[in-house]
Amino acid sequence: MREMTTSECRDYLASATQKPVLLDVREPWEYKIVHLDDSVLIPMRQIPAAVDTLDRDRETIVICHHGVRSRQVALYLERLGFTNVVNLSGGMDAWAKHTDTGLPTY
């Protein structure tokens, strides 16, 4: 599993020709406060039931609040055979504090 900082992710998304799946594994109330455009919300507890809806070969960047839940989900996806999984280090908290300071924090 690769790790990507929020600034690396921002730059990567701006230049990527094929956009990755932005998999947000936070709870709906968290997602409602702040999320990345085009991200898909599947709360961590729902990942096992939803895993077959995800493309195992498509690059997937997993996002949470601080990068802990997303790391756990990324490792889980890799164990299930996903080949291109990235954890967003620092999560949405780091994104809002360092990469796009206009976003709300919680």
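Residues numbered from 1 in each chain as written. Predicted model: local features only at pLDDT ≥ 70, side-chain atom pairs only at ≥ 80, totals over all residues. Heavy atoms only, no water.

Colleague: What exactly am I supposed to notice about the packing of aromatic side chains here?
Modeller: Both the distance between ring centres and the angle between the ring planes are used here to describe each pair of aromatic rings. For the coordinates displayed, the defined rule picks out 1 aromatic pair. Ring geometry for Trp29 versus Tyr106: centroids 5.6 Å apart, planes at 70 degrees, classification edge-to-face. Separated by 77 residues along the polypeptide, Trp29 in helix α2 (residues 28-33) and Tyr106 in the segment after α5 (91-99) bring together distant segments of the chain. (Phe/Tyr/Trp six-rings, centres within 6.5 Å; stacked < 30°, edge-to-face > 60°. Helix = DSSP H or I, 4+ residues; strand = E, 2+ residues; numbered from the N terminus.)

Colleague: What's the story with the nonpolar core in this structure? I'm lost.
Modeller: Most often, soluble globular proteins have nonpolar side chains that are buried together. Counting residues in hydrophobic clusters, the biggest one holds 15 residues, and the most contacted among them are Leu23, Val25, Ile47, Val62 and Leu77. Secondary-structure elements contributing two or more residues to this core are β2 (21-24), α3 (47-50) and α4 (68-79). The element contributing the most residues to this core is α4, with 3 residues. Discounting residues that sit within four places of it in the chain, Ile47 has contacts with Leu23, Val25, Ile42, Val73, Tyr76 and Leu77. Val34, Ile61, Val86 and Trp95 belong to the second largest nonpolar core, which has 12 residues in total. (Core = buried A, V, L, I, M, F, W, Y, C linked by side-chain atoms within 4.5 Å. Buried < 20%, exposed > 50% of the residue type's maximum accessible area, 1.4 Å probe, protein only. Contact = heavy atoms within 4.5 Å.)

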